[in-house]
Amino acid sequence: MAERQKISFFVTGTDTGVGKTLVSAALLHALAQHYPRVVGMKPVAAGTTLIDGLQANDDVLALRAASNCRVPPELDNPVLLPDAVSPHIAAARAGVDINIAHIVACHRQLLQLADAVVVEGAGGFMVPLSDTETGADLAQALALPVVLVVGLRLGCLNHALLTAEAIRARGLTLAGWVANHVDPTMLAQNDNIAFLQQRLAAPLLASIAHQPLPNPQTIKMELPLAWQSTLH
């Protein structure tokens with residue numbers, strides 16, 4: 001009997017607020033068409049609200065809603081921090097140590113429970129996790145192919161190229177990217193996308209139109225054929 005393939009991606013963005021959670025959820029829905037068990041992971045979540053008597057993070061809840069595999073909360077969200085600030089500040093305020101080795105171990109366990117795991121980073125690629133480590137260190141430790149979310153607004157070309165360069169400098173593969181139209185007033189959006197298609201040297205997985213309340217289930221993701229195989 002053929003062994004079922006496991007697949008996992010790290011989702012990062014050109015900045016915070018560019019739609020990483022939306023894209024991660026949409027990617028989970030798309031992968032669920034090819035893999036029986038898919039789960040999202042938000043290793044570090046900063047910012048909580050009280051829901052049904054428990055502190056919860058909106059991004060974590062969105063990823064859980066898009067997953068079809070239920071896992072222990074300490075695995076899909078190892079670090080939950082109350083304050084909606086940079087993770088290194090939120091962790092210091094909460095007296096929490098963000099341990100990258102522990103996050104990698106949690107991810108390894110998720111791959112035992114699911115066939116596809118989508119890991120959403122915090123903020124941009126180089127967001128600080130401590131005084132000495134960043135989100136790039138986490139991505140490098142996980143050693144996953146990276147999906148880059150580009151928030152289409154003024155300055156996005158510089159941010160996208162710098163992030164792609166930083167990803168590759170860590171020895172990671174830029175597996176694909178998503179154009180998210182976060183600013184409907186931006187001029188020459190199609191020209192920006194065309195430029196990035198040439199320069200990023202990675203497949204464009206989706207171009208997401210600006211929507212006040214986007215639904216990840218309605219986003220069409222063009223998955224490369226290599227991502228669609230469930231057996232090897």
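Scroll up a little and you will see the structure.
The paragraphs below set out a description of the structure included in this document. (Residues numbered from 1 in each chain as written. Predicted model: local features only at pLDDT ≥ 70, side-chain atom pairs only at ≥ 80, totals over all residues. Heavy atoms only, no water.)

## Side note on the pairing of strand S7 (residues 116-124)
At step 1: Across the nine residues of S7, eight count as buried, placing the element largely inside the fold.
At step 2: The pairing of strand S1 (residues 7-13) with S7 spans six bridges and is classified as parallel. Within S7, the residue paired with Phe10 across the bridge is Val119.
At step 3: Relative to S7, strand S2 (residues 38-41) is paired through four bridges, and the arrangement is parallel. Within the sheet, the bridge partner assigned to Val39 lies in S7 and is Val117. (Buried < 20%, exposed > 50% of the residue type's maximum accessible area, 1.4 Å probe, protein only. Helix = DSSP H or I, 4+ residues; strand = E, 2+ residues; numbered from the N terminus. Pairing = 2+ DSSP bridges.)

## Some points on the packing of helix H5 (residues 100-113) against helix H6 (residues 135-142)
At step 1: In contact at an axis separation of 10 Å, H5 and H6 are set at 45° when each is read in the N-to-C sense. Classed by the angle they form, the pair H5 and H6 counts as oblique. With respect to the hand of their crossing, H5 and H6 are arranged in right-handed fashion. Residues Ile100, Ile103, Val104 and His107 of H5 form the contact with H6, whose participating residues are Asp137, Leu138, Ala141 and Leu142.
At step 2: Taken together, the residues of the contact of H5 with H6 sort by class into six nonpolar, one polar and one charged. (Axes fitted to C-alpha atoms, helices over the stretch in contact; angles between N-to-C directions. Parallel < 35°, antiparallel > 145°, perpendicular 65-115°, else oblique. Left-handed = near helix turned anticlockwise from the far one by under 90°. Contact = heavy atoms within 4.5 Å. Nonpolar A, V, L, I, M, F, W, Y, C, P; charged D, E, K, R; others polar.)

## So, H5
At step 1: Between its first and last C-alpha atoms H5 spans 20 Å; for 14 residues at 1.5 Å apiece the expected length is 20 Å, and the two agree.
At step 2: For H5, every residue scored as buried is listed here: Ile100, Ile103, Val104, Cys106, His107 and Leu110. Summarising the axial view, the buried residues of H5 lie within an arc of 160°, below the 170-degree limit, and thus occupy one face. Among the exposed residues of H5, those pointing more than 90 degrees away from its buried face are Ala101, Arg108 and Gln112.
At step 3: Looking at the buried side of H5, the elements it contacts are S1, S2, strand S3 (44-46), helix H3 (73-76), S7 and H6.
At step 4: The backbone nitrogen of Ala101 has a side-chain oxygen 3.0 Å away, supplied by the residue at the start of H5, namely Asn99. (Expected span 1.5 Å × (residues − 1). Arc of directions from axis to C-beta. Polar contact = N/O pair within 3.5 Å; in protein donor to acceptor, adjacent residues only side chain to side chain.)

## Comments concerning the side chain of Thr48
At step 1: In this fold, Thr48 is placed in the loop between S3 and strand S4 (49-51).
At step 2: Judged by its relative accessible area of 19%, Thr48 is buried.
At step 3: At a separation of 2.8 Å, a polar atom in the side chain of Thr48 contacts the side chain of Gln55.
At step 4: Excluding residues within four positions of it along the chain, Thr48 makes contact with Gln55, Ala56, Leu80, Leu81 and Pro82.

## Observations concerning the packing of aromatic side chains
At step 1: Counting across every chain of the model gives one aromatic pair.
At step 2: With centroids separated by 4.1 Å and ring planes inclined at 40°, the aromatic side chains of Phe9 and Trp227 adopt a geometry described as tilted. Of this pair, Phe9 sits in strand S1 while Trp227 sits in the segment after strand S10 (204-208), and the two are 218 residues apart along the sequence.
At step 3: Its relative accessible area of 2% is what places Phe9 among the buried residues. (Phe/Tyr/Trp six-rings, centres within 6.5 Å; stacked < 30°, edge-to-face > 60°.)

## Re the pattern of salt bridges
At step 1: Applying the stated criterion across every chain, the model contains nine salt bridges.
At step 2: For the salt bridge of Asp59 with Lys42, the shortest nitrogen-to-oxygen distance reads 3.5 Å. Here Asp59, found in helix H2 (residues 58-66), pairs with Lys42, found in the loop between S2 and S3; they are 17 residues apart in sequence, far enough to count as distant.
At step 3: Looking at Asp59, the relative accessible area reads 27%, which means it is partly exposed.
At step 4: Lys220 is the salt-bridge partner of Glu222, the closest N and O atoms lying 3.7 Å from each other.
At step 5: Residue Lys220 is classed as exposed on the basis of its relative accessible area of 60%. (Salt bridge = Lys/Arg side-chain N within 4 Å of Asp/Glu carboxyl O.)

## Looking at the sheet that holds strand S8 (residues 146-151)
At step 1: The strand order S2-S7-S1-S8-S9-S10 describes an open sheet built from six strands, whose pairing is parallel. Strands at the two margins of the open sheet, each flanked by one partner only, are S2 and S10. Sheet twist, expressed as the average angle between the axes of neighbouring strands with direction ignored, equals 20°.
At step 2: Here S8 pairs with strand S9 (residues 174-180) via six bridges, running parallel. By the bridge assignment for S9, Gly151 is matched with Asn180.
At step 3: Across the sheet, helix H1 (residues 20-31) is in contact with S1, S2, S7, S8, S9 and S10; its angle to S7 comes to roughly 170°.

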